Amino acid sequence: MNRKEIFWLFGTAGLVLVWTLILFGIDGFNVDSTFAINIHDTYFVIANVRLVLLLFVFIFFTVYLIRAVRNGFKNITANLVLIIATILVAVVLGKTIGMLDFFSGPPNNESMVDGVNEVGNALKIISRILFTVQIVLLVLLAYFGFKTGRNYNGEKKH
C-alpha cells in the first residue's frame, strides 16, 4: 500500500469523525449514549455506536465508490476497500431489514391498534425497499469483483 492510499484511508476516517461530531456532537463518541426516534407514539431507541458504525460504512462505501469509478477500477487497493465496504453495507442492510421486520409486528394481525398497524406497514415497506437495495448492492459487488479481477490480471500480464 502506497502513501497516497494511506492518506485516503485516514482522510476518509477523519471525514467519519467530523460527520459524527456534526450529527451527534461529543455524545457520538460516548458508548452509553442513545438516539431516540418517535413515530406515532412509538419510540425506537438506538445506541449511538450503531449509528456511528453505520455512518462509517456508508462514508467509506461512498468515497471509495467515487474513487473506483473515477479511476476506471484501475486502482487495486481502492477496489478492495470498495469491495469490503460493499460487503459491510450489505451486512448492515441485512441486519436493518431483520430489525425492521421484527418491529413491524406479526403479519395480518387485525387486532392491532390502527396507529401501530400503520407504523408496522410503513416499516414493512421500508424493509422491502432496503431488501431491493441490498440485491442491487450484491449485483454491484459481483461487478466490482469482475472489474478488479480483470484489471489485476491485466497488470500481471504486462
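Please read all numbers here as calculations on a predicted model, not as lab measurements.

## With respect to the packing of helix H2 (residues 48-70) against helix H3 (residues 76-103)
If you want to describe how two helices pack, look at the angle between their axes and the distance between the axes.
So, point 1. As a packed pair, H2 and H3 sit with axes 8 Å apart at the nearest point and diverge in direction by 140°. Judged on the interaxial angle alone, H3 and H2 are oblique. Considering how the two elements wind past one another, H2 and H3 form a crossing that is left-handed. On H3, the residues that touch Leu54, Val57, Phe58, Phe60, Phe61, Tyr64, Leu65, Arg67 and Ala68 of H2 are Ala78, Asn79, Val81, Leu82, Ala85, Thr86, Leu88, Val89 and Val92.
So, point 2. For the contact of H2 with H3, the class distribution of residues is 15 nonpolar, two polar and one charged.

## Section: H2
So, point 1. The end-to-end C-alpha separation of H2 is 33 Å, in line with the 33 Å expected for 23 residues at 1.5 Å each.
So, point 2. Listed as buried for H2 are Asn48, Leu51, Val52, Leu55, Val57, Ile59, Phe60, Phe61, Val63, Tyr64, Arg67 and Ala68.

## What about the nonpolar core?
So, point 1. By size, the foremost hydrophobic cluster in this structure holds 26 residues, and its most contacted members are Phe60, Phe61, Tyr64, Leu82, Val89 and Phe144.
So, point 2. When contributions to this core are tallied by element, the ones reaching two or more residues are H2, H3 and helix H4 (114-157).
So, point 3. Contacts of Val89, omitting those with residues within four sequence positions, involve Val57, Phe58, Phe61 and Leu137.

Cut-off values and rules
Residues numbered from 1 in each chain as written. Predicted model: local features only at pLDDT ≥ 70, side-chain atom pairs only at ≥ 80, totals over all residues. Heavy atoms only, no water. Axes fitted to C-alpha atoms, helices over the stretch in contact; angles between N-to-C directions. Helix = DSSP H or I, 4+ residues; strand = E, 2+ residues; numbered from the N terminus. Parallel < 35°, antiparallel > 145°, perpendicular 65-115°, else oblique. Left-handed = near helix turned anticlockwise from the far one by under 90°. Contact = heavy atoms within 4.5 Å. Nonpolar A, V, L, I, M, F, W, Y, C, P; charged D, E, K, R; others polar. Expected span 1.5 Å × (residues − 1). Buried < 20%, exposed > 50% of the residue type's maximum accessible area, 1.4 Å probe, protein only. Core = buried A, V, L, I, M, F, W, Y, C linked by side-chain atoms within 4.5 Å.

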